[in-house]
Amino acid sequence: MKLRCELWCVVVSLLSGSAIGADWKPQPAPLMTKWAAQVNPDAPLPEYPRPQLVRDHWMNLNGLWDYAIRPAAEKTAPEKWDGRILVPFPVESSLSGVMKSVGPEQALWYRRSLTIPTDKSWHGQQILLNFGAVDWETTVWVNGIQVGEHRGGYDPFTFNITQQLASRKAAADEIIIRVWDGSDVGYQARGKQVRKPGGIFYTPITGIWQTVWLEPVGKTYVTSISAHAKDLQAGQAAIQVNLQHQNRSTSVVETMIAIDGGQRRTLGERNVKQDSAPPNNQFGPRSTFFANDGFDKPWTPDNPHLYGLEYSIVENGEVIDRVTSYLAQRTISLGKDDKGINRLLLNGKFVFQYGPLDQGFWPDGLYTAPTDDALKFDIEVTKKYGFNMIRKHVKVEPARWYHWCDKLGMLVWQDMPSGDRFISPTDPDIQRSAESTAQFETEWKSIINALRGFPCIVMWVPFNEGWGQFDTARIVELTRQHDPTRLVDNASGWTDRNVGDVHDIHVYPGPSSPQPTDKRAAVLGEFGGLGLPMEGHTWQGKENWGYRSFTDQASLTTAYMDLVEHLRPLIGSPGLSAAVYTQTTDVETEVNGLMTYDRKVMKIPIDAAAKAHKPLYLPPPQIKTLAATSQKDGQSWKFVLETPADGWQKPDFDDAAWKAAPGGFGERTTPGSVVRTDWKSNNIWLRRTFELTEKPVGELRFYVHHDEDCEIYLNGVLAAKMTGWTTDYRSFRMTPESIATLVAGTNTLSVHCKQNTGGQYIDVGLMEVIETRE
């Protein structure tokens, strides 16, 4: 397959002049990855771009094209061109060789020439022009004839250009493309792209950013294949094949073959009369084969087993289409564990899902990875870190990225790229225009159609933090109906509408967990965001940004390990099923990545992090409350606001003159607080007692929300000391000396909290973490 493509890629390159190396060089960028030097302008990203539907014969159109940037009002092709651009890299990127902004006031034009091969595999066939993705509004002409338009920056699309090729009057065929992108103007899906990047928003991209290619097909051909586990225990899979065909009275023979370890097995073979469906119906007729047995190897992150598929269509003894694909036996569902807690179930079993928020940006290619090895690298590193999941954040990747997740064993939560207007956490859903609504639904369903064949994807996320969030319940149902084989997260962070399969919160730095309910699991969609700028590896020298900033790798690693340690009890109670750490890499001025933006420095040691992550995947611990916090019910405390007498923390101290009031104590706008008693002075001292029927044997931890510095004493002995603040309740380890003071009977908790600036809050509880083993 590779030789067949490369031969014609060379022909196309020579025709378009792209074999002249002097026509291209990367533009200087603040950072470059090591893969930038491996980009070949004669054959950039030469790999077959659609691993779930592979044909032997194809022509890669990546390479050097003519380009021009013109006013958006101009709708006819330029007479003169500005220079050469390396497709498929965005025009704003270094690797495009242009590195110029376009903006909503202008449009980007492309042109190239080519000659279609004349051998048997191409002659007399229909020719499809495929685009992996183009951002945003695309118009295509072939030989001066418009062949189609497409709106959407993240979904693949195809034009049948057979008739336009037949009209050729010149020596070679010509393709001209016009792209307009409103960036952050208008309602279109755009993700993190803004015209004035900074913080969590990044450089916008325009135009072609995924592979462009041609392929010859017959009158009847496959448009998509998707498969899923129909009955995991019985080893049964359902495979759906969608066809485009010409309405004729002849019959064709369809054959599906499964391949496992070199062994080929026919799953089904049948005659189909071609007039059984209307012509030009891209998604019909549907041929579904059910394999009753033999698919007995489930796909998991630890063992990502894939079965090969080969599907062919034969007419009058001649193969008119043959494609290869693959499937995995993998189910994802919601179900209750032995304690009645709703969990995310992979293949019927609870597997804690933990991974990074992945933005998918590159310093040299922006939206486009320099090479396929680079695309694969981020997933490989994520795997080495001991993660089993990635949340692909408000971006859709090329199909090969999901293929590598399938091959390497990585679960994926897939976001819909955000667009339209923002809302705050307390606002209702926005009211989109009819045009905006139609575009969102069309593009979202097209994204799902394109990605449904990749078993790595287990969760669809239509909205993030209220960005463009509208008609939430209806969109969740639309998503579920369009793909009933996966779970749906109604909104990641901020704006939960009590629908979907999970309640998803964001807490920075966290971690924390919502309460699972009878119908939904609890997930932490974002937390962490620990920032560290690494000299020589930043997008700009100063004023880089992170949710919490550190000055060296050692302190960053310590803080990260502390966050991971706090995750473990949350899995036991209230019952956290998944967590997403922000984030895989630095991106431009946002420096809270596990890796630097150029992928040259692992800020947190891989081995240390992987070791810390292992306990997260053990069976959930049992959490026993020894002294409750005031989250659910206000606990009675004694308190004073003036410095008490010496010995105030000891069990025998006389606190009769202290006031009694329910916790928590603080200022009501403090994030994560449950204030039942106002506290607005600089200091507060608290005391309470609790009873134990027996001395605990498990690991003891405080459960605390503090803003700001606090000291906790147990039976008069300093048990924990915290500085700074939290934005929600977190567990904290206790000193061995304090644990030794616990007795069966009455015990005393004493707390001093000091307010420095901003919000203020204090509440303390005590829990026992009892680990279980399978």
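Residues numbered from 1 in each chain as written. Predicted model: local features only at pLDDT ≥ 70, side-chain atom pairs only at ≥ 80, totals over all residues. Heavy atoms only, no water.

K.L.:
Please give an account of the pairing of strand 8 (residues 145–151) that cites residues and values.
P.N.:
On any regular strand, side chains alternate: one points to one face of the sheet, the next to the other face. In this structure, strand 7 (residues 137–142) lies alongside strand 8, joined through six bridges in antiparallel fashion. Note on strand 8: the bridge partner recorded for V140 is G148. Remark: two residues form the turn of the hairpin made by strand 7 and strand 8, two consecutive strands paired antiparallel; N143 in that turn has positive phi of roughly 55°. (Pairing = 2+ DSSP bridges. Helix = DSSP H or I, 4+ residues; strand = E, 2+ residues; numbered from the N terminus.)

K.L.:
How would you summarise the sheet that holds strand 7 if you had to cite specific residues and measurements?
P.N.:
What the six strands build is an open sheet, ordered 3-2-4-10-7-8; its pairing is antiparallel. Edge strands, defined here as strands with exactly one partner in the open sheet, are strand 3 (83–87) and strand 8. Put simply, the sheet's adjacent strands are angled 30° from each other on average, direction ignored. Bridging between strand 4 (residues 106–114) and strand 10 (residues 173–180) involves seven bridges; their strand directions are antiparallel. By the bridge assignment for strand 10, R111 is matched with I176. (Axes fitted to C-alpha atoms, helices over the stretch in contact; angles between N-to-C directions.)

K.L.:
Which residues make up the packing of aromatic side chains, and what values go with them?
P.N.:
What the rule picks out here adds up to 39 aromatic pairs. Measuring from centroid to centroid gives 5.0 Å for Y48 and W58, while their planes differ by 80°, and the two rings are edge-to-face. Pair noted here: Y48 is in the loop between helix 1 (2–16) and strand 1 (59–60) and W58 is in the loop between helix 1 and strand 1, with a separation of ten residues, a long-range link. With relative accessibility at 2%, the residue W58 sits in the buried group. Arranged with centres 6.3 Å apart and planes meeting at 70°, the rings of Y154 and W209 form a pair that is edge-to-face. (Phe/Tyr/Trp six-rings, centres within 6.5 Å; stacked < 30°, edge-to-face > 60°. Buried < 20%, exposed > 50% of the residue type's maximum accessible area, 1.4 Å probe, protein only.)

K.L.:
Give a description of the pairing of strand 39 (residues 699–707) that names residues and reports values.
P.N.:
Burial within strand 39 is extensive, with eight of its nine residues counted as buried. Where strand 39 and strand 44 (residues 761–770) come together, nine bridges link them in antiparallel fashion. What sits directly across from H706, in strand 44, is I762.

K.L.:
Before we move on, could you go through helix 4 (residues 399–408) and cite the residues and values that matter?
P.N.:
Burial of helix 4 is extensive: eight of the ten residues sit out of reach of the surface. Among the residues making up helix 4, those that are buried are A399, R400, W401, Y402, H403, W404, C405 and D406. Contact partners of the buried residues in helix 4: strand 19 (318–327), helix 3 (372–384), strand 24 (389–392), strand 25 (411–415), helix 5 (434–451) and strand 26 (457–461). Once helix 4 ends, the next one or two residues include G409, with phi positive near 90°. (Contact = heavy atoms within 4.5 Å.)

K.L.:
Tell me what's going on with unusual backbone geometry, and back it up with residues and numbers.
P.N.:
The linkage connecting S573 with the following residue, P574, adopts the cis geometry, with an omega of 15°. Within the secondary structure layout, P574 lies in the loop between helix 7 (553–572) and strand 32 (576–582). Here the residue pair G663 and G664 is connected by a cis peptide bond, since its omega of -5° sits within 30 degrees of zero. Mapped onto the elements of the fold, G664 is located in the loop between strand 35 (659–662) and strand 36 (665–666). Here N143, not a glycine, exhibits a phi torsion of approximately 55°, which is positive. Of note, N143 is situated in the loop between strand 7 and strand 8. Classification of N143 by relative accessible area gives buried; the value is 18%. Phi at E588 is positive, roughly 55°, even though this residue is not glycine. Structurally, E588 can be placed in the loop between strand 32 and helix 8 (606–613).

K.L.:
Explain the nonpolar core to me, and be specific about the residues and the numbers.
P.N.:
With 102 residues, the main nonpolar core has L344, Y354, Y402, W413 and Y560 as its most contacted residues. With eight residues, the single largest contributor to this core is helix 7. In terms of nonpolar packing, the next biggest core, distinct from the first, is built from 32 residues, L61, W122, I208 and L214 among them. (Core = buried A, V, L, I, M, F, W, Y, C linked by side-chain atoms within 4.5 Å.)

K.L.:
Now, about the confidence of the model for the chain: what can you tell me, with residues and values included?
P.N.:
Per-residue pLDDT for the chain has a mean of 92; in total, 94% of the residues score no lower than 70. A low-confidence stretch, residues 6–20 (pLDDT under 50), is modelled with 30 contacts involving residues beyond four sequence positions or located in other chains. Predicted confidence is poor over residues 277–284, with pLDDT under 50, and the contacts of this stretch with residues over four places away or in other chains come to 18 contacts. (pLDDT = per-residue confidence, 0-100.)

K.L.:
An account of the pattern of salt bridges is needed here, citing residue identities and associated values.
P.N.:
Scanning all chains against the criterion turns up 43 salt bridges. The partner of R322 in a salt bridge is E310, with the nearest N and O atoms 3.8 Å apart. With R322 in strand 19 and E310 in strand 18 (residues 307–315), this pair connects stretches of sequence that are twelve residues apart. Here E699 and R733 are joined by a salt bridge, their closest N and O atoms 2.3 Å apart. (Salt bridge = Lys/Arg side-chain N within 4 Å of Asp/Glu carboxyl O.)

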